[in-house]
Amino acid sequence: GEASVAGAIVVAAGFKEAGNQDLHYDLVSTAKATGVRVIGPNVNGMVSPHEGLNLLDIDVPAGNVALLLQSGNVAVDLINEAVIRGAPGISYYVPIGNEAELQIYEYLRFFDKDERTEAIAVFVEGMSDGRAVLEAAADVAHRTPVAIIKGGRSVAAEANASTHTASLVGDHD
């Protein structure tokens, strides 16, 4: 914040997904106090091919689909599969991670305003404000198609989500 940066990507893990609530809340309170928007923590990078930004170090063709994913492995698999199949490229890949500061509904509204994004694909294990996400998706979908896949229906997937991003999968409904 003292350096006047607008945002930060926190790749590091070891926050609430590891049971470290204090570190998580320190990050959130510092971000809010300084006005720095935070992607993550517990993410694998970010890609914006139209701007030449690629923190994944894999081939990512520029295109018109925004990916907003809570799993870095799912992101890498989707991007690699798209390259192999010659599918349209992406406008952005933004990892959700622990969703400590920036929220899913904020990303949906951002992608909706982006002129290069024609569709949004979302994969989540859990979310901090499901109602706000559904309201944003319903609003955005009038202009930009949105597909949301919610993982974590099985007991095994719920356990994985809990240790992966500390998402409380909870009642699927």
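Everything discussed here concerns the structure shown above.
Residues numbered from 1 in each chain as written. Predicted model: local features only at pLDDT ≥ 70, side-chain atom pairs only at ≥ 80, totals over all residues. Heavy atoms only, no water.

Participant: Any chance you could explain the packing of aromatic side chains here in plain terms?
Facilitator: The way to describe two aromatic rings as a pair is by their centre distance and the angle between their planes. Across all of its chains, the model carries three aromatic pairs by this definition. Ring centres of Tyr92 and Phe110 lie 5.5 Å apart, and the angle between their planes is 70°; this geometry places the pair in the edge-to-face category. Of this pair, Tyr92 sits in strand 6 (residues 90-95) while Phe110 sits in helix 3 (residues 104-113); the two residues are 18 residues apart in sequence, bridging distant segments of the chain. On the basis of relative accessibility, which here comes to 8%, the residue Tyr92 falls in the buried class. (Phe/Tyr/Trp six-rings, centres within 6.5 Å; stacked < 30°, edge-to-face > 60°. Helix = DSSP H or I, 4+ residues; strand = E, 2+ residues; numbered from the N terminus. Buried < 20%, exposed > 50% of the residue type's maximum accessible area, 1.4 Å probe, protein only.)

Participant: Sorry, what's going on with the pattern of salt bridges here?
Facilitator: Summed over the entire model, instances satisfying the criterion amount to eight salt bridges. Salt-bridge contacts for Glu81 lead to Arg85; the nearest nitrogen and oxygen are separated by 2.4 Å. Here the residue Glu81 and the residue Arg85 both occupy positions in helix 2 (residues 72-85), the gap between them amounting to four residues, near one helical turn. For Arg85, a relative accessible area of 65% gives the class exposed. Salt-bridge contacts for Asp114 lead to Arg116; the nearest nitrogen and oxygen are separated by 3.8 Å. Since its relative accessible area comes to 11%, Asp114 is described here as buried. (Salt bridge = Lys/Arg side-chain N within 4 Å of Asp/Glu carboxyl O.)

Participant: Is there a simple way to think about the nonpolar core in this case?
Facilitator: Grouped burial of nonpolar side chains is what soluble globular proteins tend to show. One finds Leu68, Val94, Leu108 and Phe111 to be the most contacted residues of the largest nonpolar core, which totals 20 residues. Where this core is concerned, the elements lending two or more residues are strand 5 (62-69), strand 6, helix 3, strand 7 (119-124) and helix 4 (130-140). Excluding residues that lie within four positions of it along the chain, Phe111 makes contacts with Ala66, Leu68, Tyr92, Val94, Thr117 and Ile120. One finds Leu56, Ala75, Ile79 and Tyr93 within the second-largest nonpolar core, a separate group that totals 10 residues. (Core = buried A, V, L, I, M, F, W, Y, C linked by side-chain atoms within 4.5 Å. Contact = heavy atoms within 4.5 Å.)

Participant: Explain unusual backbone geometry to me, please; I cannot follow it from the model alone.
Facilitator: Excluding glycine, residues mostly carry a negative phi; peptide bonds, for their part, are mostly trans. Omega for the bond connecting Gly40 with Pro41 falls within 30 degrees of zero, at 0°, which places this linkage in the cis form. Even without being a glycine, Glu99 presents a positive backbone phi close to 55°. Relative to the helices and strands, Glu99 resides in the loop between strand 6 and helix 3. Assessed through its relative accessible area of 6%, Glu99 is described here as buried.

Participant: Honestly, helix 2 in this entry has me stumped. Any pointers?
Facilitator: The α-helix advances 3.6 residues per turn, and as a result positions three or four apart in sequence lie on the same side. In a regular helix each residue adds 1.5 Å, so 14 residues correspond to 20 Å; helix 2 covers 20 Å between its end C-alpha atoms and thus fits that length. Among the residues of helix 2, those classed as buried are Gly72, Ala75, Ile79 and Ala82. Buried residues of helix 2, seen end-on, are gathered within an arc of 95° and therefore sit on one face of the element. For helix 2, the exposed residues lying more than 90 degrees away from the buried face are Asn73, Asp77, Ile84 and Arg85. In this fold, the buried residues of helix 2 make contact with strand 5 and strand 6. Immediately downstream of helix 2, the backbone of Gly86 shows phi near 70°, a positive value. (Expected span 1.5 Å × (residues − 1). Arc of directions from axis to C-beta.)

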